[in-house]
Amino acid sequence: MSIELDRGVGFIVLPVLLAVGALIYFSLGHEPGFLPLAAGTVGLGVLAFASRVRPALHMALVAALLCVLGAFVAKAETWRAGTKMLGGEVTTRLSGRVVEAEHLANGRVRLTIDVTGTERPVLRYAPDRVRVSARRVPEGVTAGSAVTGLVRLMPPSGPVRPGSYDFSFESYFDGIGASGFFLRGPELTEASGTMPPLAAFQAAVERFRHDVARRISGRIGGPEGEIAAALVVGVRAGIPEDVKDALRRSGIYHVISISGLHMALVAGTIMGLLRAGFALFPDFSSRRSVKKYAAALAIVGLAGYLFISGAEVAAQRSFIMLAIMLTAVLFDRAALTLRNLAIAAIVVILLSPHEVVGPSFQMSFAATAALVGAYAAWSDWRADHPGQAQANRSLARRAVRYLLLAAAGLAVTSIVAGGATAIYAAWHFQQMPSLGLFTNLAAMPIVSAVVMPFAVLGALAMPFGLDGPFFDVMGLGLGATIAIARWFSERSPTDMVGLVPPASVAILTIALLIATICSTWLRIAAVPVALAGLLLLFDQPRPDLFIAEDGRLVGLGLGHGRIAVNRSRPNEFTIDNWKRALRASEVVRPEGKQERVAAAKPSETADGKLAAEQQHPLTVSVLRTSPPLPLPGGEEPPIAGVATSQKLGSSPPQSGREVARAKPETVREDFALCDDPVNCPESASLLQRPTTDGFVCADALCLARHPSGAIVAHALDAEAAMDVCATASVIVIDDAAAKGVCRWKDVLVVTKRDLALNSSAAITFSGEAIGEAPRVAATIEYAISRPFRPWHEQRRFSREARGLAPYRRPDKPATPTKGAPDSPSLGPDPASPTESADPKDAQ
């Protein structure tokens with residue numbers, strides 16, 4: 001340990017502790033204040049300074065200080081962002097200035113707009129920046145254009161399941177307060193006022209980037225041209241989805257994202273060209289350090305590449321890392337060291353602490369640290385085991401040896417980087433390419449030797465109009481890369497790994513840090529730590545039921561790689577995420593159709609009494625002593641009922657179970673058989689059908705049976721939900737105004753209001769025996785907890801979160817007849833979407 005400290009391991013650990021503090025801040029269940037964090041930073045700093053005579057205590061206090069400092073920096077970034085987020089869905093006429101216009105592969109255009117005004121209605125809490133799509137845009141709509149049109153705006157959505165990617169978190173730090181689409185427009189309009197100088201400069205840069213992208217994609221054509229535009233200027237919107245899927249499944253999707261690989265290849269190409277050019281002047285090269293000149297000009301070239309590529313976060317991080325390494329060359333220091341990597345990490349954390357929780361930061365720094373650590377270990381081994389001088393070889397033998405060493409180096413690089421990032425890919429995406437190593441071995445030499453060098457040459461020749469031949473060669477290389485990706489993608493087995501325990505990710509990260517940071521035999525300590533993390537991978541229970549945050553879609557795991565849904569056309573992105581989480585490859589569509597049924601007016605019988613059977617025969621309660629109606633699968637309904645436990649809220653009363661136990665021979669049958677084919681809803685016979693193979697839907701109700709025996713119901717309103725109180729284990733109601741449903745029954749009820757406040761949910765069933773009656777317990781976990789963090793604060797202001805029914809525009813009053821009094825004017829609904837989008841008004 002003393003040797004490790006003397007070699008500067010303390011400085012390398014510094015960004016790790018800062019990142020831990022930022023992670024703790026973003027994972028808290030409440031928003032901490034500035035004062036406690038500032039007081040903790042100052043207090044720990046004083047204690048660390050006073051404890052210098054006690055090394056162990058001093059190191060512990062410094063570690064705590066760095067963690068609190070990381071949390072303080074994250075809090076400062078949250079306060080600095082302060083993005084105004086839309087509270088609810090609203091339709092309004094929007095005016096603004098285009099920041100970016102992206103032409104998607106499906107023909108639509110996605111616009112990022114700085115809002116300058118809204119009308120009909122005027123949003124008094126309008127977001128500053130929105131992202132909306134349109135079917136088409138007028139000619140001349142580019143960055144800096146002023147546009148207007150009728151839009152449907154929606155607040156940023158939450159995670160599609162607990163623990164998944166949070167869109168509202170990313171939107172908050174990107175400054176995007178709402179997303180949506182144009183209902184009419186957009187139309188070009190006159191800009192109000194003069195554009196600020198900085199905005200005008202940014203608009204000019206965006207126009208230049210898209211002009212270059214159109215030139216490159218037009219020259220190469222096809223998906224190769226779109227990928228070439230992505231590699232040169234960072235415009236990726238036009239890449240077809242099938243090509244993205246092939247790259248992702250084959251494990252080389254990182255090729256189209258400008259990151260460390262592309263920055264390193266650009267820097268290497270520039271330095272190689274410059275040193276080759278300096279070699280033409282031997283007198284100058286012998287008297288000057290041309291390597292430093294090439295490194296300085298490479299930094300300038302990297303800055304230009306960062307500038308025209310859109311300066312995305314991954315590109316910024318890679319530029320900082322490479323700029324530090326090239327600066328080390330200027331001062332005759334080693335470039336590829338963990339110290340330089342630590343400096344880059346510190347800069348990134350101080351500038352954008354929220355990036356610490358994202359996959360891009362974690363995977364890029366993990367891969368780089370592993371590669372630097374492996375290179376250092378190999379260098380130490382070579383120093384301890386010097387090879388013998390080899391006899392002169394022929395040119396052919398030298399070429400073969402060079403190719404073999406290059407292939408071995410590429411294989412080792414893929415293994416080391418892939419192994420370091422595998423746990424983060426599984427954690428964030430629930431998938432790992434099974435043939436990624438072989439795909440990288442086949443494709444990366446083409447990318448490194450053909451694609452990126454000719455991309456640099458084409459960019460340098462573009463001002464002179466000589467870029468065509470270079471981009472043609474680049475297109476050929478990209479065509480070969482896409483063909484390799486498709487070939488491996490078609491032959492790749494399933495790459496879904498399911499959910500990964502957070503404890504396993506943390507322990508494997510510690511193992512990675514020990515293996516890369518330590519330079520002595522202490523590296524061996526990483527082996528047992530890694531084994532402990534791998535063992536925890538098998539200790540992650542999978543949820544049995546997922547509920548989308550809009551309450552319209554539920555997914556029930558049936559086992560054997562199947563997931564049942566209640567909609568025939570579910571949201572593709574949500575279903576893909578749920579399939580990866582459950583390791584399901586087959587989606588079971590529902591039988592029948594779910595639709596709202598208009599309430600019929602109750603008719604009067606001859607004696608003046610209401611005919612309840614005609615009003616809704618499904619809700620008629622029948623008490624009988626004959627055997628009860630069998631449940632799906634032919635089993636008897638458990639008299640003991642269903643137990644539920646909620647992490648948020650309280651369990652419903654259990655009086656229903658007590659009544660059933662008091663009179664076991666008497667069973668309430670909420671689904672009575674109906675002989676009237678006209679008035680009896682089709683859903684009255686749902687429980688008589690087998691539902692173990694998915695959802696069965698009729699009227700406003702969908703039912704399915706989990707292999708554990710639990711009945712899952714999805715109802716469009718509270719009236720339909722009341723029909724299954726006695727039989728269902730979980731009832732999901734797509735109605736925010738539903739209240740007090742099944743309060744007398746031991747059943748877990750999830751309403752649209754619960755989901756509007758707490759986002760999506762995951763439910764786990766567990767079977768247990770109580771006496772002679774079986775019992776299924778349902779545990780629910782929501783994606784968002786309360787009190788809300790700043791990036792979730794807008795959720796409380798939607799109509800659904802306030803328990804209000806969807807807004808209905810009032811009907812226009814009929815024209816009054818002659819002589820009749822004028823009809824009163826109908827004013828706007830005080831709880832309209834306009835008001836729900838304004839948090840101040842909602843309060």
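Above this text sits the structure in question.
In what follows, the accompanying structure is described. The shown structure was predicted, so the numbers you read here are calculated from the model rather than taken from an experiment.

### Observations concerning the overall build of the protein chain
Part 1 of the reasoning: If you tally the helices and strands in the protein chain, you get 26 helices and 19 strands.
Part 2 of the reasoning: Within the protein chain, the fraction of its 843 residues that count as buried is 45%.
Part 3 of the reasoning: Intrachain contacts of the protein chain at a sequence separation of at least 6 include 68% that bridge at least 24 residues.
Part 4 of the reasoning: Approximately 42200 Å² of the protein chain is accessible, and the part contributed by carbon and sulfur atoms is 60%.

### Some remarks on the sheet that holds strand β17 (residues 748-751)
Part 1 of the reasoning: Strands sit in the order β13-β14-β15-β16-β17 across an open sheet of five strands; the sheet is mixed. Only two strands of the sheet have a single partner each, and these edge strands are β13 (696-698) and β17. For this sheet the average axis-to-axis angle between neighbouring strands, irrespective of direction, equals 15°.
Part 2 of the reasoning: The pairing of strand β15 (residues 711-715) with strand β16 (residues 730-733) spans four bridges and is parallel.

### Examining the state of the cysteines
Part 1 of the reasoning: Applying the stated criterion across every chain yields a total of two disulfides.
Part 2 of the reasoning: Each sulfur in the disulfide pair cysteine 725 and cysteine 742 lies 1.8 Å from the other. On the S-S bond that ties cysteine 725 to cysteine 742, the torsion sits near -70°, and the link is left-handed. Here cysteine 742 lies in the loop between β16 and β17 and cysteine 725 lies in the loop between α23 (718-722) and β16, a separation of 17 residues in the sequence.
Part 3 of the reasoning: Residue class for cysteine 742 comes out buried when judged on its relative accessible area of 1%.

### Describing the side chain of aspartate 735
Part 1 of the reasoning: With respect to the secondary-structure elements, aspartate 735 resides in the loop between β16 and β17.
Part 2 of the reasoning: On the basis of relative accessibility, which here comes to 18%, the residue aspartate 735 falls in the buried class.
Part 3 of the reasoning: A distance of 3.0 Å separates a polar side-chain atom of aspartate 735 from the backbone nitrogen of alanine 737.
Part 4 of the reasoning: If we ignore the near neighbours within four places in the chain, the residues touching aspartate 735 are Leu716, Asp717, Ala718, Thr751 and Lys752.

### Considering unusual backbone geometry
Note: most residues except glycine have negative phi, and most peptide bonds are trans.
Part 1 of the reasoning: Across the junction of arginine 120 and proline 121, the peptide omega takes the value 0°, indicating a cis bond.
Part 2 of the reasoning: Secondary-structure assignment places proline 121 in the loop between β2 (109-119) and β3 (129-134).
Part 3 of the reasoning: Note the cis peptide between glycine 185 and proline 186, where omega equals 5°.
Part 4 of the reasoning: Along the chain, proline 186 falls in strand β5 (residues 178-188).
Part 5 of the reasoning: The phi dihedral of glutamine 430 falls on the positive side, at around 55°, and the residue is not glycine.
Part 6 of the reasoning: For glutamine 430, the location among the structural elements is in the loop between α15 (395-429) and α16 (436-461).
Part 7 of the reasoning: Taking the relative accessible area as the measure of exposure, glutamine 430 reaches 2% and is therefore buried.
Part 8 of the reasoning: Phi at cysteine 742 takes a positive value of approximately 60°, unusual for a residue other than glycine.

### Here's the deal with the nonpolar core
Part 1 of the reasoning: Core analysis: the biggest nonpolar cluster contains 54 residues, and Ile216, Ile227, Met263, Leu302 and Met474 have the highest contact counts within it.
Part 2 of the reasoning: Of all the secondary-structure elements, those providing two or more residues to this core are α6 (197-220), α7 (222-233), α8 (241-250), α9 (260-278), α11 (290-308), α12 (313-330), α16 and α17 (468-491).
Part 3 of the reasoning: Among all residues touching methionine 263, those that are not within four sequence positions of it are Ile258, Leu302, Tyr305, Leu306, Ala315, Ser318, Phe319 and Leu322.
Part 4 of the reasoning: Core analysis: the next-biggest nonpolar cluster, separate from the first, contains 35 residues, Ile12, Ala344, Ile346 and Ile349 among them.

### Looking at the packing of aromatic side chains
Part 1 of the reasoning: Following the criterion strictly, the structure yields 22 aromatic pairs and no others.
Part 2 of the reasoning: Ring geometry for tyrosine 25 against phenylalanine 26: centres 5.0 Å apart, planes inclined by 70°, an arrangement best described as edge-to-face.
Part 3 of the reasoning: Among the residues examined, tyrosine 25 registers a relative accessible area of 1% and is labelled buried.
Part 4 of the reasoning: Aromatic pair tyrosine 172 and phenylalanine 173: ring centres 5.2 Å apart, planes at 85°, arrangement edge-to-face.
Part 5 of the reasoning: Using a relative accessible area of 13% as the deciding quantity, one classes phenylalanine 173 as buried.
Part 6 of the reasoning: Ring-pair connections join several aromatic residues into one group, and the members of that group are Tyr25, Phe26, Phe169, Tyr172, Phe173 and Trp791.

### Quick look at the packing of helix α13 (residues 338-351) against helix α14 (residues 359-384)
Part 1 of the reasoning: Two elements in contact, α13 and α14, have axes whose closest approach is 10 Å; the angle formed by their N-to-C orientations is 170°. As judged from the angle between their axes, α13 and α14 are roughly antiparallel. In the packing of α13 onto α14, the handedness of the crossing is left-handed. Where α13 approaches α14, its residues Leu338, Leu341, Ala344, Ala345, Val348 and Ile349 are matched on the opposing element by Phe361, Phe365, Thr368, Ala369 and Val372.
Part 2 of the reasoning: Here the residues of the contact of α13 with α14 are counted per class, giving ten nonpolar, one polar and no charged.

### Quick look at the environment of serine 285
Part 1 of the reasoning: Along the chain, the position of serine 285 falls in helix α10 (residues 282-287).
Part 2 of the reasoning: Once the C-alpha coordinates of serine 285 and arginine 275 are considered, the two residues, ten residues apart in sequence, prove to be 9.0 Å apart.
Part 3 of the reasoning: Once residues within four sequence positions are removed from consideration, serine 285 is found in contact with Phe278, Ala279 and Val290.
Part 4 of the reasoning: A distance of 2.5 Å separates a polar atom in the side chain of serine 285 from the backbone oxygen of phenylalanine 278.

### Side note on the sheet that holds β3
Part 1 of the reasoning: On the basis of which strands lie adjacent, the closed barrel formed by five strands has the order β1-β2-β3-β5-β4 and mixed pairing. With strand direction ignored, the average angle separating the axes of adjacent strands in the sheet is 50°.
Part 2 of the reasoning: Of the strand pairs in this sheet, strand β4 (residues 146-154) and β5 are connected by seven bridges, and their pairing is antiparallel. Its bridge partner lying in β5, valine 147 is registered against leucine 188.

### Things to note about α9
Part 1 of the reasoning: Spanning 19 residues, α9 covers 26 Å between terminal C-alpha atoms, matching the ideal 27 Å at 1.5 Å per step.
Part 2 of the reasoning: Residues of α9 that are buried: His262, Met263, Leu265, Val266, Ala267, Thr269, Ile270, Met271 and Phe278.

### Regarding the pattern of salt bridges
Part 1 of the reasoning: Under the criterion given, the structure shown has 19 salt bridges.
Part 2 of the reasoning: When the shortest N-O distance is used, the salt bridge between aspartate 332 and lysine 292 registers 3.1 Å. Placement of the pair is aspartate 332 in the loop between α12 and α13 and lysine 292 in helix α11, with a sequence separation of 40 residues.
Part 3 of the reasoning: What makes aspartate 332 exposed here is its relative accessible area of 61%.
Part 4 of the reasoning: Note on lysine 292: relative accessible area 24%, which makes it partly exposed.
Part 5 of the reasoning: Several salt bridges converge on common partners, so that one network encompasses Glu31, Lys75 and Arg789.

### Let's talk about the pairing of strand β8 (residues 562-565)
Part 1 of the reasoning: Relative to β8, strand β7 (residues 554-559) runs antiparallel, the two sharing four bridges. Bridge pairing in β8 links glycine 555 to valine 565.
Part 2 of the reasoning: Pairing geometry for β8 and strand β9 (residues 586-588), over three bridges, is parallel. In the strand pairing of β9, isoleucine 563 is matched with valine 587.
Part 3 of the reasoning: In terms of handedness, the path from β8 via helix α20 (residues 572-582) over to β9 forms a crossover that is right-handed.

Reading the values: rules and limits
Residues numbered from 1 in each chain as written. Predicted model: local features only at pLDDT ≥ 70, side-chain atom pairs only at ≥ 80, totals over all residues. Heavy atoms only, no water. Helix = DSSP H or I, 4+ residues; strand = E, 2+ residues; numbered from the N terminus. Buried < 20%, exposed > 50% of the residue type's maximum accessible area, 1.4 Å probe, protein only. Contact = heavy atoms within 4.5 Å. Areas by Shrake-Rupley, 256 points an atom, 1.4 Å probe, with all protein chains shown as cover. Pairing = 2+ DSSP bridges. Axes fitted to C-alpha atoms, helices over the stretch in contact; angles between N-to-C directions. Disulfide = S-S within 2.5 Å. Polar contact = N/O pair within 3.5 Å; in protein donor to acceptor, adjacent residues only side chain to side chain. Core = buried A, V, L, I, M, F, W, Y, C linked by side-chain atoms within 4.5 Å. Phe/Tyr/Trp six-rings, centres within 6.5 Å; stacked < 30°, edge-to-face > 60°. Parallel < 35°, antiparallel > 145°, perpendicular 65-115°, else oblique. Left-handed = near helix turned anticlockwise from the far one by under 90°. Nonpolar A, V, L, I, M, F, W, Y, C, P; charged D, E, K, R; others polar. Expected span 1.5 Å × (residues − 1). Salt bridge = Lys/Arg side-chain N within 4 Å of Asp/Glu carboxyl O. Right-handed = clockwise from strand over helix to strand, strands pointing away.

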